[in-house]
Amino acid sequence: MLEDREGKLLLDFGFPYKRHKEFYEEYLKPRPGAGLLDPLAMGLLPPLEGIYRDDLMPPGLWRQFRTAPHYRKLDHIDGVLLSHAHLDHSGHIAFLSTDIPVFSTATTAFIAKAMQDSGRPDFDQEACYFTQKELDRPPDWKQEACLSSNRAKQQRQFRIADVSPESLSAQANDFWTRGFWEKTAKQKALASEYLDSHLNSSFPLRCFPVDHSIPGACAWGMETGSGWIIYSGDVRKHGKRGMYTERFIEAAAGLRPKALIIEGTNITRKQNVREQDVYDNGLKAISSATGLVIADFSPRDVDRLLTFLSIARETGRKLAILPKDAYLLKTMRLLEPETPDISCEPSIVIYQKTIAAKSPDHWMRSICKDYDSKIVVASDIHRAQDEFIVCFSFWDLNELPSIQPKPGSLYVFSSSEPHDEEQEIDFRRLHAWLEYFQFKKFGLPVEVGDTWEIPEAERGLHASGHASGPDLLDIARKINPEILIPVHSQYPEHYVDNLAGTRIKVSLPEPRGALYI
Ligand SMILES: [Zn+2]
């Protein structure tokens, strides 16, 4: 949280994957019926009374936390500055009071909604809208309390920083409010924000588009009583939108900022694979394939999807994407008309899973209606295996018994290696699936002693969403703040070591501690 005498802003409010995994897994989750109790008690949310939704608050909840370290009672927050739609930055917006607006780019707002429409309905990741909950019984935690959700849907207020909502098409506005047409639903139109005024925030704000592995990412500038503070969000220079990051660096440096809050995910990495390398290496691997090809990458990384679309065109294959990827592309096109139009793109088809939901949601119905002629099923893939690149991840492999891939099919892995024990277990399962169906693997990390490594000859199939160490230090030196505050990093001291001798003072924040500048 950024705070001065004038006001308070939250800089993202994400789902804390690492801490969540320390306590929870698929079958052990925070209890929706306990509302805010579980995430507060387990340290997944900060104990800030006054910023959360009333409907998730059992009576007497705050008595338990008033003596907790870092407890505070706040009467007003100006908003959340959302840098991009990855859930580790946006997920816990779900818990915030609806009178706290979310500032973002239009693309981030739309992707967040598309992800929520087509994703799992977890109560702790509903960033754009939610159903108001109501405690059925007094919260005696010896019994199982139950939150019913028979109330209307509520849409959160988003203030768009980069385009005027009035300039959006009717379809775009319809997309934003779709699902909220019931009489009782509280619908919120997109609002525009004049970022250099005090209209809706106590701070003058600046929004800078940057390059990251999801479209719509931005950095933020906030003018405080101590000077400009810049927050990088997640950032890289080596992707397709690298020029955005260059423009951000120049504009941020021009503000002569007091402080730069910068991510450091890959601060110890010396260099990064570029998206162009992914295309070259992917093309090389897939050109020589004679049977079915499966490409495994993060579907929200639209740039990667377009890279594999280019490879599909080049190799005369069709890219089979999942309905939720089609929905994301369709959503992106509402704002970025250069995004391929699935209905007239001969190299894209949509893979409909073998056992579909009995009553599809409105987003799935819209995909089936709009792209009826583009739908393929397992038997279509089975009959013409050498004509497709199927975009699956580990979680879609249970489709293979229906597709019946021929021995020697190719699995191209274009994502990141495992980062924790749970992911390592999934990777062993992934290898087991591929060996069972006799796939050739390309770019897939293999277990070498205690670590996982991609074989030397198969590297260069994943361009990270985060800048390398030299790029991050270059961003820091060029923006040249008085104070640099690393976040989102396991090795923040790397900034201290490498910026010694410059005017930049690196301040390492304590977890949940305060820094006064
Ligand atoms: Zn991210």
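Residues numbered from 1 in each chain as written. Predicted model: local features only at pLDDT ≥ 70, side-chain atom pairs only at ≥ 80, totals over all residues. Heavy atoms only, no water.

*Asks:* Please clarify how the nonpolar core should be interpreted in this entry.
*Replies:* In globular proteins that are soluble, nonpolar side chains generally tend to be buried together. In terms of nonpolar packing, the biggest core is built from 79 residues, with Phe13, Ile51, Tyr52, Leu96, Leu319 and Ile321 touching the most fellow members. Sort the elements by how many residues they give to this core and helix 4 (residues 106-118) lands first, with 7 residues. Each residue touching Tyr52, except ones within four places of it in the same chain, is listed here: Phe13, Leu36, Leu40, Leu45, Pro46, Met57, Trp62, Phe95, Leu96 and Ser97. Formed by 26 residues, the second largest nonpolar core is a distinct cluster that contains Ala378, Ile381, Val390 and Ile403. (Core = buried A, V, L, I, M, F, W, Y, C linked by side-chain atoms within 4.5 Å. Buried < 20%, exposed > 50% of the residue type's maximum accessible area, 1.4 Å probe, protein only. Helix = DSSP H or I, 4+ residues; strand = E, 2+ residues; numbered from the N terminus. Contact = heavy atoms within 4.5 Å.)

*Asks:* Got a minute to help me understand the pattern of salt bridges in this structure?
*Replies:* A side chain with one charge may pair with a side chain of the opposite charge, provided their charged atoms come close. Tallying each qualifying case throughout the model produces 29 salt bridges. Asp396 is paired through a salt bridge with Lys353; the nearest N and O atoms lie 2.7 Å apart. Linking Asp396 in the loop between strand 21 (388-391) and helix 12 (400-403) with Lys353 in the loop between strand 19 (348-351) and helix 10 (362-370), this pair joins segments that are 43 residues apart in sequence. Owing to a relative accessible area of 5%, Asp396 belongs among the buried residues under this scheme. (Salt bridge = Lys/Arg side-chain N within 4 Å of Asp/Glu carboxyl O.)

*Asks:* In this structure, what is going on with the coordination of the zinc ion? I would like to understand it.
*Replies:* Put simply, a metal with four donors set out as a tetrahedron has ideal angles of 109.5 degrees, and one with six donors set out as an octahedron has ideal angles of 90 or 180 degrees. Here the zinc ion is held by His84 (NE2), His86 (ND1), His212 (NE2) and Asp234 (OD), and the distances to it run 2.2 to 2.4 Å. In this structure, the zinc ion is surrounded by 4 donor atoms whose angles at the metal cover 90 to 171°, and the resulting shape is irregular. Summarised as a motif, the one-chain spacing of the donors to the zinc ion is H-x1-H-x125-H-x21-D. For the pair shown, His84 and His86 are each scored as buried. (Donors = N, O, S within 2.8 Å, 3.2 Å for Na, K, Ca; no water. Tetrahedral: all angles 85-135°; square planar, octahedral: opposite > 155°, others 65-115°.)

*Asks:* In this structure, what is going on with the pairing of strand 14 (residues 218-224)? I would like to understand it.
*Replies:* Regular strands place their side chains on alternate faces of the sheet. Most of strand 14 sits out of view: 6 of its 7 residues are buried. Strand direction decides the pairing type here: strand 13 (residues 205-209) and strand 14, joined by 5 bridges, are antiparallel. The partner of Leu205 across the bridge, within strand 14, is Met222. As paired elements, strand 14 and strand 15 (residues 227-231) share 5 bridges and run antiparallel to each other. Its bridge partner being in strand 15, Trp220 is matched across the sheet by Tyr231. (Pairing = 2+ DSSP bridges.)

*Asks:* What's the story with the environment of Leu28 in this structure? I'm lost.
*Replies:* Of note, Leu28 is situated in the loop between helix 1 (17-23) and helix 2 (37-41). As for Leu28 and Ile342, which are separated by 314 residues in sequence, their C-alpha atoms are 39 Å apart.

*Asks:* Please clarify how the packing of helix 4 against helix 5 (residues 170-177) should be interpreted in this entry.
*Replies:* Helices that pack against each other are described as a pair by the angle of their axes relative to one another and the distance between those axes. Axis separation between helix 4 and helix 5 bottoms out at 10 Å; the angle between their running directions is 50°. Classified by the angle between their axes, helix 4 and helix 5 sit oblique to one another. Viewed along their axes, helix 4 and helix 5 form a crossing whose handedness is left-handed. Residues Ala109, Phe110, Lys113, Ala114 and Asp117 of helix 4 pack against Ala172, Phe175 and Trp176 of helix 5. (Axes fitted to C-alpha atoms, helices over the stretch in contact; angles between N-to-C directions. Parallel < 35°, antiparallel > 145°, perpendicular 65-115°, else oblique. Left-handed = near helix turned anticlockwise from the far one by under 90°.)

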